[in-house]
Amino acid sequence: EIAGPVPGDGLAVWWLGQSGFLLKYRQDCLLFDPYLSDSLTKKYAQTDKPHERMTAIPVAPGALAPISVITATHGHTDHLDAETLQALRAANPGAKLVFPEAIRPLAVERWGSSEGLVGLRDGEATTIGPMTLHAVPAAHEKLDRDAEGRCLYLGFVVHWGPWRIYHAGDTIPYEEQVATLRALAVDLALLPINGRKPERRVAGNLWGDEAARLAKAVHADLAIPCHYEMFSFNTESPALFEQTCRELKQGFAVPRCGQRVVLQHRRDSRKIMWTLAKA
């Protein structure tokens, strides 16, 4: 329950499907890239690229409150969804939406207001309450920039109390990625694993083994996969991610949609431990 306490000084993480995550630390809540509607299923229903849902919507967006911060790493609808965001804004009138500055007009349209918007360029950071969000580049599948040199796709590293959380957005490996993330001291990495296949006709992401290697390279204690089991035409099994994590001795958890993971810091080191709730 979002209203319930998190044990100790722990961080609760719920996977909400695709790249959506709800995080709670103490009394504050953060939403990464929520897609909690059927807008894409309806949009593509009569096309040659149907977006058929594989998992049900785990929670109505209007039921999620109180939320302090919501992110949209880029402008694709499964990350910046008007139906989801406007319901969230109505339920959380004080919430801030953090997004790439390069897509501000689209963010205003999808959010439904010019109020509460925080646009960032890569390398910039913003502090909202107890959270500091650092914007890092994302390559989906390239490091695309607008005419002013602003990244169209971002990831976010959130420094929040003792926690350092990386949400990759949609990305593949790129030069300087590891160095950038190491400097931000990530303990938890939330990484897409659906890979990239030209026949899908959409921009791709990390493969499962690449996600595991990235988590290991940046010294993340825990990696959680995402961006799979949402649309039947654009998914992969987490098996390769799990196998590679085991081979690398990389910590990982694979929650089902709607399932919660609770993280705790060990008292004697930076290392963390985690518990996966029953499905």
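My aim in this report is to walk through the structure given alongside it, one point at a time. (Residues numbered from 1 in each chain as written. Predicted model: local features only at pLDDT ≥ 70, side-chain atom pairs only at ≥ 80, totals over all residues. Heavy atoms only, no water.)

Notes on the pattern of salt bridges
Scanning the entire structure with this criterion turns up 14 salt bridges. A salt bridge links R201 to D48, with the shortest nitrogen-to-oxygen separation between them at 3.3 Å. Separated by 153 residues along the polypeptide, R201 in the loop between β11 (188-192) and α5 (208-217) and D48 in the loop between α1 (39-43) and β4 (69-71) bring together distant segments of the chain. Of the residues examined, R201 reaches a relative accessible area of 48% and is grouped as partly exposed. (Salt bridge = Lys/Arg side-chain N within 4 Å of Asp/Glu carboxyl O. Helix = DSSP H or I, 4+ residues; strand = E, 2+ residues; numbered from the N terminus. Buried < 20%, exposed > 50% of the residue type's maximum accessible area, 1.4 Å probe, protein only.)

Some thoughts on α5
Counted residue by residue, α5 has seven buried out of ten residues, so it is predominantly covered. Regarding α5, the residues found buried are G208, D209, E210, A211, A212, L214 and A215. Check the buried side of α5 and you find it contacts β10 (163-167), α4 (177-183), β11, β12 (222-226) and α6 (239-248). Of the residues one or two after α5, H219 is the one with positive phi, at around 65°. (Contact = heavy atoms within 4.5 Å.)

What to know about helix α3 (residues 104-111)
All buried positions along α3 are accounted for by A107, R110 and W111. For α3, the angular spread of buried residues about the axis comes to 95°, placing them on one side. Away from its buried face, by an angle of more than 90 degrees, α3 presents the exposed residues P105 and E109. Against β4, α2 (82-91), β5 (96-100) and β6 (117-120) lie the buried residues of α3. Just downstream of α3, G112 is the residue with a positive phi angle, here 85°. (Arc of directions from axis to C-beta.)

Observations regarding the nonpolar core
Ranked by size, the top nonpolar core spans 54 residues in total, and within it L11 and Y166 carry the most contacts. Per element, the largest residue contribution to this core is five residues, and it comes from strand β9 (residues 154-160). Among all residues touching Y166, those that are not within four sequence positions of it are V136, F156, V157, T171, Q177, L181, V186, L188, A189, L190, L191 and L214. Core analysis: the second largest hydrophobic core is formed by 24 residues, L31, L80, A107 and W111 among them. (Core = buried A, V, L, I, M, F, W, Y, C linked by side-chain atoms within 4.5 Å.)

Let's talk about the sheet that holds strand β8 (residues 131-137)
As summarised here, the arrangement of the six strands in space is β7-β8-β9-β10-β11-β12, forming an open sheet in which the pairing is mixed. A strand with exactly one partner marks an edge of an open sheet, and here the two such strands are β7 (125-128) and β12. Each adjacent strand pair in this sheet contributes to an overall mean axis angle of 20°, direction not counted. For β7 and β8, the ladder comprises four bridges, and the chain directions are antiparallel. (Pairing = 2+ DSSP bridges. Axes fitted to C-alpha atoms, helices over the stretch in contact; angles between N-to-C directions.)

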